[in-house]
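One letter stands for each residue in the lines below.
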Amino acid sequence: MTDERREAGGAVFEEIRAACARVAGAAERVHIERDKLDAYARSLPVDKLHSPVIEPEHHYLGHGEQTVAYVLALDSINFGSGYFPELEPRNGLVGYFMVAHALGDFFEANAPVSAGDLIALTPEDCAEIFGQNLSNEAVAELMGLFSQALEDLGRFVLADFGGRFASVVEAAGGRASALVDIVSKMPLFRDVADYHDTTVPFYKRAQILAADLWLAFDGEGPGAFSDLDGLTLFADNLVPHVLRLDGLLRYDETLAERIDRGDRLEANSPEEVEIRACGVHVVELLVERLTALGRAVTAFELDNYLWHLGQDPRFETKPRHHTRTVYY
Ligand SMILES: Nc1nc2c(c(CN[C@H]3C=C[C@H](O)[C@@H]3O)cn2[C@@H]2O[C@H](COP(=O)(O)O)[C@@H](O)[C@H]2O)c(=O)[nH]1
């Protein structure tokens, strides 16, 4: 990493990178296929890498401070992948896009949505918003967690920011690392795992919040951050899956079998932490390779490219790891 990038990123980004590199070095169940990195880096379509996208048809964009509120709410509940196989599609959408779209419909119908409105949302309200049936135990658990996460956000905004969502972002002073520090005061944003003796921060949703604000506001106003190139991969269950199917990550036989037959992995288990950390580290290695090839790219840009690539049926139809967690 160059000194410029180190300066651009806050301490938190360096902590994530260092911890994930340590886990990758010690990992027993997940292996990085280093000899394939160079060819993979060369195969990436650099023109697409530099244009991260947010789908306007699925997000509530263009509404000023209400869009700030929406993005904060969205990334408060940008999790549930371990529950997604149990969810009903809503208007033909599943997974992340279902959640983003349904929350957008809620904002459309109820604007201006206040902190108090978020605090008041019950699991039953969430089931209605997301078109879900609470008679399914796993779905009921997820709707309970969504309601808790939205309530936490509402209380946080009310207690520390006078009820004004935009003030949360303004408090970060244009630094994504500061935004990560601020929102991580909410317990459900504190995405920090343990791996043997190592503390491993991922802060997946806190980081994606800065990225989404940047995308939603075209890098202006609430989307202006000077240190976006400090962001790491947002460690979820889709990008590592893409990296696995594309041959950069190899899981040992036992882990591969468990995932392929649909067993769930425990949150914070060594194998779950290894998958996430190796995902983060591979992306760092790819950023290094691409930079050396004169095709400088950021981890955020690679994340956005790889995540959208993962929506392709080639990846979507193959089993990936599922973990019931509030972090992704
Ligand atoms: N690494 C990374 N993980 C991301 C995202 C997003 C969506 N964000 C973007 C979308 C448009 C804008 O560009 C936003 O930036 C969702 N996820 C995670 O995926 C999982 C769900 O997957 P599926 O079951 O297929 O819907 C779940 O854990 C969810 O938390 C990302 O961008 N990067």
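The name given to the chain in an unreviewed UniProt entry is Queuosine 5'-phosphate N-glycosylase/hydrolase, with the source organism recorded as Persicimonas caeni. According to the UniProt record, the Sequence similarities (unreviewed entry) comment for the chain reads "Belongs to the QNG1 protein family." Per UniProt, the chain has the following entry under Catalytic activity (unreviewed entry): "queuosine 5'-phosphate + H2O = queuine + D-ribose 5-phosphate".

A. Just the site of the ligand, in detail. Taken together, 26 residues lie around the ligand, and Val53, Asn78, Lys204, Asp212 and Asp303 are the ones closest in. Gln311 is positioned with one of its side-chain polar atoms (N or O) 3.2 Å from an oxygen atom of the ligand. Coverage of the ligand by the protein chains reaches 97% of its 660 Å² of free accessible surface. Secondary structure elements with two or more residues in the shell around the ligand: α6 (95-110), α12 (204-216) and α16 (299-309). Across the shell around the ligand, the residue classes break down as eleven nonpolar, eight polar and seven charged.

B. Layout of the pattern of salt bridges. Scanning all chains against the criterion turns up 16 salt bridges. Between Asp38 and Arg42 there is a salt bridge; the shortest N-O distance is 2.9 Å. Taken together, the positions of Asp38 and Arg42, both in helix α3 (residues 37-43) and four residues apart, correspond to about one turn of that helix. For Arg320, the salt bridge identified is with Glu316, shortest N-O distance 3.0 Å. Note on Glu316: relative accessible area 31%, which makes it partly exposed. One continuous salt-bridge network, built from bridges that share partners, spans Glu28, Arg29, Arg258, Glu271 and Glu274.

C. Inspection of the side chain of Asp191 at higher detail. Its place among the elements puts Asp191 in the loop between α11 (176-183) and β2 (192-195). Looking at Asp191, the relative accessible area reads 2%, which means it is buried. Polar contacts involving the side chain of Asp191 include one to the main-chain amide nitrogen of Lys204, which spans 3.0 Å.

D. Seen up close, the pairing of strand β3 (residues 198-201). Two elements, β2 and β3, share four bridges in a ladder whose sense is antiparallel. Its bridge partner being in β3, Asp194 is matched across the sheet by Thr199. With antiparallel pairing between neighbouring strands as the criterion, β2 and β3 make up a hairpin whose turn holds two residues, including His196 at a positive phi of roughly 50°.

E. Up close: the environment of Val99. Within the fold, Val99 resides in helix α6. Val99 gets classed as buried once you look at its relative accessible area, which sits at 2%. With near-sequence residues (within four places) excluded, Val99 lies in contact with Leu74, Ile77, Phe84, Phe130 and Phe146.

F. Structural view of the environment of Gly247. Following the sequence through the fold, Gly247 ends up in the loop between α13 (239-245) and β4 (249-251). Distance in space between the C-alpha atoms of Gly247 and Arg34 is 10.0 Å, their sequence separation being 213 residues. Once you skip the residues sitting within four places of it in the chain, Gly247 turns out to touch Glu33 and Lys36.

G. Representation of the nonpolar core in the model. Residues Phe130, Leu302 and Leu306 are the most contacted members of the largest nonpolar core, which totals 123 residues. Here this core takes twelve residues from helix α9 (residues 137-161), the largest share from any one element. Here Leu302 is in contact with Leu44, Leu49, Val283, Leu286, Val287, Leu290 and Val297, once residues within four sequence places are set aside.

H. Seen up close, the packing of helix α5 (residues 64-76) against α6. Contact pair α5 / α6: the axes reach a minimum separation of 10 Å and the direction vectors enclose 140°. Between α5 and α6 the crossing geometry is right-handed. In this structure, α5 uses Gln66, Ala69, Tyr70, Ala73 and Leu74 to contact α6, whose residues at the interface are Tyr96, Val99, Ala100, Leu103, Gly104 and Phe107. Among the residues making up the contact of α5 with α6, the classes are represented as nine nonpolar, two polar and no charged.

I. How the structure looks around unusual backbone geometry. Cis peptide bonds are those with omega within 30 degrees of zero, and the linkage from Ala111 to Pro112 qualifies with -5°. Structurally, Pro112 is set in the loop between α6 and α7 (115-120). Phi at Asn91 is positive, roughly 45°, even though this residue is not glycine. Here Asn91 shows up in the loop between α5 and α6. In this structure, Asn268 takes a positive phi of about 70° despite not being glycine. Here Asn268 is to be found in the loop between α14 (253-260) and α15 (270-292).

J. Region of the structure containing the packing of aromatic side chains. In total, this model carries twelve aromatic pairs according to the counting rule given. A ring pair is formed by Phe106 and Phe107, whose centres lie 6.0 Å apart and whose planes are at 85°; its orientation type is edge-to-face. Phe106 gets classed as buried once you look at its relative accessible area, which sits at 13%. With 5.8 Å between their ring centres and 90° between their planes, Trp214 and Phe300 make a pair best called edge-to-face. Pair noted here: Trp214 is in helix α12 and Phe300 is in helix α16, with a separation of 86 residues, a long-range link. Each residue in the set Tyr60, Tyr70, Phe106 and Phe107 is aromatic and connected to the rest through ring pairs, giving one cluster.

What counts and what doesn't
Residues numbered from 1 in each chain as written. Predicted model: local features only at pLDDT ≥ 70, side-chain atom pairs only at ≥ 80, totals over all residues. Heavy atoms only, no water. UniProt positions renumbered as here; feature names shortened; annotations may be inferred. Near = heavy atom within 4 Å. Polar contact = N/O pair within 3.5 Å; in protein donor to acceptor, adjacent residues only side chain to side chain. Areas by Shrake-Rupley, 256 points an atom, 1.4 Å probe, with all protein chains shown as cover. Helix = DSSP H or I, 4+ residues; strand = E, 2+ residues; numbered from the N terminus. Nonpolar A, V, L, I, M, F, W, Y, C, P; charged D, E, K, R; others polar. Salt bridge = Lys/Arg side-chain N within 4 Å of Asp/Glu carboxyl O. Buried < 20%, exposed > 50% of the residue type's maximum accessible area, 1.4 Å probe, protein only. Pairing = 2+ DSSP bridges. Contact = heavy atoms within 4.5 Å. Core = buried A, V, L, I, M, F, W, Y, C linked by side-chain atoms within 4.5 Å. Axes fitted to C-alpha atoms, helices over the stretch in contact; angles between N-to-C directions. Left-handed = near helix turned anticlockwise from the far one by under 90°. Phe/Tyr/Trp six-rings, centres within 6.5 Å; stacked < 30°, edge-to-face > 60°.

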